[in-house]
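As a plain string of letters, each chain reads:
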Amino acid sequence: MSLDLPLIWAGIIATAVLFYVMLDGFDLGVGILFPFATEAERDVMIDSIAPVWDGNETWLVLGGGGLFAAFPKAYAVIMPALYGPIMLMLLGLVMRGVAFEFRARGRVRGRAFWTAAFAGGSITAAVAQGFVLGGFIQGVTLRDEAFAGGPWDWLTPYTVLVVAGIVAGYALLGATWLVWRTETELHGKARRWAWIAGPLVAVLLAAVSLATLLVHPRIAVRWGFTGETFDPAAFLPLAPIPLLGLVGLVVVAVGLRRRSHGWPFAGALLVFLSGYAGLAAGFFPNIVPYGMTFRQAANAENALAFMLWVTALVLPAILAYSVWVYWVFRGKVTADAGYH
Amino acid sequence: MDVDALLLSRLQFAFTIAFHIIFPSFTIGLASYLAVLEGLWLGTRNEVFKTLYLFWLKIFAISFGMGVVTGVVLSYELGANWSVFSRVSAPVIGPLFAFEVLTAFFLEASFLGIMLFGWKKVGPGLHFTATVLVAVGTLISAFWIISANSWMQHPAGFSILPNGDLIATDWFKVVFSPSFPARFAHMTLAAYLTTALVIGAASAWRLLKAGDEAESRMSLRMAIGMFAIVAPLQLLVGDISGKSVEQLQPAKLAAIEAFWDTRTEQPFHIAAWPDRELAGNRWEISIPKLGSLITGGSADAEIRGLKSFEPRDRPPVAVVFWAFRVMVGLGIAMIILGLWGAWLCWKSAPERSRPYLMAAVAMGPAGFVAVIAGWVVAEVGRQPWVIYGVLRTEDAASPLLAGQVSLSLLGFLIVYAIIFSVGVLYILRLIAEGPVAGSHELVDEDRAPGTPLAAMPEDPG
């Protein structure tokens, strides 16, 4: 049998991370929007994501655990290189993760604290993920397949710009999710949040794209920008990617204008899909920019094959029951959801 | 490699994993208990079981959440702090970690949503299925994690390529490495015991404070049943697990028993102060010949002592020696609690014996202490190796600076201190309120706010 195992696994890990960004993106976004809501609205906001956030975050574990299992050399370089933001992300996720339950159990001061912890943890995790992404795009210093850079490599003006983009993007996902899943005043508020986050995302997406092309000539070449000249032959095959992002933004705007409930969220997901595909097009086949390809980082063939058999059996089931859980909790959030 | 960064990484990993293990060892048992309660309720329609289910479900939600978030941390720490270990071990045990996520983590996370929030969205049969799947998921999770850890204790089913990389040669031997079956049974029983001790303590507390309560009487009896059956069984399984240590990791066994010289008629040290500098015990209280009898099956059995290993290959002795004694001591106390409770159930009723209720409350945290002590025996006893005989801990760390790791360690200390103290406070508060208080809350939520029903006075009682 001649399956290209490293390529298949690169696809699986990339899909897991994409699912994570889209799914945990909207529930982190709900946390980012927490400070702007009233206490009663916050209860509804949290009820709208409580049944699904744990499943959403599991895609992050698959991204990390899968990277360890499928591309151990990349895992062993990326984690130490981005040590600071990874640890910050974990601490943020811990605080917001326990806040789901703790907030419901707290009395007056406890409740206020865990409300703040949910918002603070969500924002911290989003900021840290922005630094991880920015530090990743910048590239990692390698020597003999090990990380050889400094502890603060991930902190530059460029990565700060990426952080702003990620936070705004998650806020847009969160706002459009709430437009879809809530009613009455909160629904109206979420619509206004989406109107603010949408243009912000458009501007930041353009700024990050431009900065990436300017700061990282290697990516620019992929897109046809070779120094002074522009090569349409390189750009045209990739053109559908930015086009998809534009379509996504238009879907968000038209959806909001026509008072659609579901379309703005779908549009926001398209924007993320476009940004993600754009990055993948800039990197492929690197898994650690810009010194390690996914083939160099891949685990032993027999380990990849063993995992693929199990994955082929289990992953369809995971997708099926994940969709089913979303189906069970479909529709507008109602007050009888909780068990507390 | 920075020596301080290595030490800090070890401290951070020991802290975060010891903290994490508290929650799975409780929720593995609690998930099974909830499945049993819901099954009994569906089978008998006895409302006591439903009240107990809804009560323990709330405590499950708090502890499961803490287990999830502290578990996510570990899946990233492996690469962040132990990049060499990750790179070396991945060809062999990488798949086991991936299987844990794919076969257990997703199952638990998805059906937990149904379990907590689907009470009114799906039918009782489907809800029960969700509870069972979460319980099964926790066991599958333990299966893979203990499998990976057992391979680190006694690597099997692999060979070393000319370039130094490891490669798996027999997946069955990797997954079912020699110490795995006994260790998996030992861990599962430990989780069940830990949960039973908490349930027993909570029930006993209610019976002491609130007087007679049908729910607490029922849950106390269920807990006693678990003590009486599982605690003696655990002694047996622990002994089998210990026997495998004797063959597979003689240095660990020597540390557990503080044997320094290789000899027959080893004494059994009840208490001792082992000193690595001295290569002997500073003082000891011992029973002659019993050590050889327990570990080797006869007083004439020759048991290897620590001096037969190079000093650099000896694990820390005092920690392992004492952790083992704490674990076994608590295990014996659990057996006594089980037999005493069973005798009370047979004679009259355990809730009438104040001393028994007080003992049950005191033993509430014993399972956690025993689990952590057992983990210390397993992990510290394996030192100086992280993969026994293959990779030393000192060679396994990431190229980090001490400053970075001290910052992250400080972050974990602060955040975990907050979530631990608050989590325990909220759980104790729920336990103090008791199972019946919880079921009233649920009745309240059946009434939509603002409806005439919501304004009606509470039912008395």
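Residues numbered from 1 in each chain as written. Chains lettered and ligands numbered in written order. Predicted model: local features only at pLDDT ≥ 70, side-chain atom pairs only at ≥ 80, totals over all residues. Heavy atoms only, no water.

1. Examining the overall build of chain B
Where we set the bar: In DSSP terms, a helix is any run of H or I states spanning at least four residues, a strand is any run of E spanning at least two, and both are numbered starting from the N terminus. With C-alpha atoms as the basis for the radius of gyration, the globule rule is written as 2.2 Å multiplied by the number of residues raised to the power 0.38. Throughout this description, buried means an accessible area under 20% of the type-specific maximum (1.4 Å probe, protein chains only), exposed means over 50%, and partly exposed covers the range between. Any pair of residues with heavy atoms lying within 4.5 Å of one another is described as a contacting pair.
Summing up its helical and strand segments, chain B has 14 helices and 6 strands in all. The C-alpha atoms of chain B give 24 Å as radius of gyration, which agrees with the globular expectation for 461 residues (23 Å, within 12%). On the principal axes, the C-alpha backbone points of chain B span a range of 80 × 50 × 40 Å. Relative to its full complement of 461 residues, chain B shows a buried share of 58%. For chain B, restricting intrachain contacts to residue pairs at least 6 apart in sequence, the fraction spanning at least 24 positions comes to 77%.

2. Quick look at the interface of chain B and chain A
Heads up, the rule is: What gets called buried area is simply the loss in accessible area from a 1.4 Å probe that two parts show on being joined, summed for both. Polar contact criterion, stated in full: a pair of N or O atoms within 3.5 Å, where within protein one must be able to donate a hydrogen and the other to accept it, and residues adjacent in sequence count only if both atoms are side-chain atoms. Residues are grouped as follows: Ala, Val, Leu, Ile, Met, Phe, Trp, Tyr, Cys and Pro are nonpolar; Asp, Glu, Lys and Arg are charged; every other residue, Gly included, is polar.
Each side of the interface is counted separately: chain B has 73 residues, and chain A has 67 residues. Interface of chain B and chain A: buried area, both sides summed, is about 6600 Å²; carbon and sulfur atoms make up 76% of it. On the chain B side of the contact with chain A, B:Tyr76, B:Phe106 and B:Phe117 bury the most area, a combined 13% of that side's loss. Taken together, chain B and chain A are joined by 10 residue pairs in polar contact (both at pLDDT 80 or more). For the side of chain B that touches chain A, the secondary-structure elements that each account for two or more residues are α2 (47-81), α3 (83-117), β2 (166-168) and α13 (402-446) of chain B. If one sorts the elements of the side of chain B that touches chain A by residue count, α3(B) sits on top with 25 residues. Residues that form the side of chain B that touches chain A fall into these classes: 47 nonpolar, 17 polar and 9 charged.

3. Regarding the packing of helix α1 (residues 5-33) of chain A against helix α7 (residues 157-181) of chain A
All names here are of chain A. Filter applied, for reference: For every element, the axis is a line fit to its C-alpha atoms; helices are fit only across the contacting stretch, and the angle between N-to-C directions ranges from 0 to 180 degrees. Any angle that is under 35 degrees is reported as roughly parallel, and any over 145 degrees as roughly antiparallel; angles of 65 to 115 degrees are reported as roughly perpendicular and all others as oblique.
At their nearest, the axes of α1 and α7 sit 7 Å apart, and the two run at 85° to each other. In terms of their interaxial angle, α1 and α7 are classed as roughly perpendicular. Across from Val21, Met22, Gly25, Phe26, Leu28, Gly29, Val30, Ile32 and Leu33 in α1, the residues of α7 making contact are Val167, Tyr170, Ala171, Leu173, Gly174, Ala175, Trp177 and Leu178. A per-class count over the contact of α1 with α7 returns 14 nonpolar, 3 polar and no charged.

4. A closer look at the confidence of the model for chain A
This is how it is decided: Note on scores: pLDDT gives the predictor's confidence for each residue, bounded by 0 and 100.
Mean pLDDT over chain A stands at 91; residues scoring 70 or higher make up 98%. By mean pLDDT, the top-scoring element of chain A is α7(A) (95), and the lowest-scoring one is strand β3 (residues 225-226) of chain A (82).

5. Considering helix α4 (residues 72-81) of chain A
Taken across its 10 residues, α4(A) has 9 buried, putting it largely inside the fold. A:Pro72, A:Ala74, A:Tyr75, A:Ala76, A:Val77, A:Ile78, A:Met79, A:Pro80 and A:Ala81 are the residues of α4(A) that are buried.

6. Description of the nonpolar core
Applied cut-off: Remark: nonpolar core denotes a set of buried residues (Ala, Val, Leu, Ile, Met, Phe, Trp, Tyr, Cys) joined through side-chain atoms within 4.5 Å.
Counting 270 residues, the largest nonpolar core has A:Phe71, A:Trp114, B:Trp56, B:Phe85, B:Ile93 and B:Ile419 as the members making the most contacts within it. A total of 21 residues in this core trace back to one element, the largest contributor, which is α2(B). With residues up to four places along the chain from it excluded, the contact list for B:Trp56 reads B:Phe26, B:Leu30, B:Tyr33, B:Leu34, B:Val198, B:Ile199 and B:Ala202.

7. Considerations on the pairing of strand β3 (residues 268-275) of chain B
Residues and elements named next belong to chain B. Going by this rule: When DSSP finds two or more bridges between a pair of strands, those strands are recorded as paired.
In terms of residue burial, β3 counts as a mostly covered element, since 6 of its 8 residues are buried. Inspection of the sheet shows β3 paired to strand β4 (residues 280-287) by 6 bridges, in the antiparallel sense. Bridging from a neighbouring strand, alanine 272 pairs with glutamate 284 of β4. In sequence, β3 turns back onto β4 through a hairpin of 4 residues, with alanine 279 there showing a positive phi of about 55°.

8. Points about the confidence of the model for chain B
Overall, the predicted model of chain B reaches an average pLDDT of 88, with 94% of residues at or above 70. For this predicted complex, the interface score ipTM comes out at 0.89, while the overall pTM is 0.90.

9. Some points on helix α8 (residues 250-257) of chain B
Residue and element names in this part refer to chain B. Counted residue by residue, α8 has 8 buried out of 8 residues, so it is predominantly covered. Residues of α8 that are buried include every one of Pro250, Ala251, Lys252, Leu253, Ala254, Ala255, Ile256 and Glu257, and no others. Tucked into the core, α8 has its buried residues touching α4 (124-153), α7 (214-248), β3, α9 (290-296), α10 (317-347) and α12 (366-380).

10. Structural notes on the environment of B:Ile28
Residues and elements named next belong to chain B. Following the sequence through the fold, isoleucine 28 ends up in helix α1 (residues 3-44). Of the residues examined, isoleucine 28 reaches a relative accessible area of 6% and is grouped as buried. If we ignore the near neighbours within four places in the chain, the residues touching isoleucine 28 are Thr138, Leu139, Ala142, Ala191 and Tyr192.

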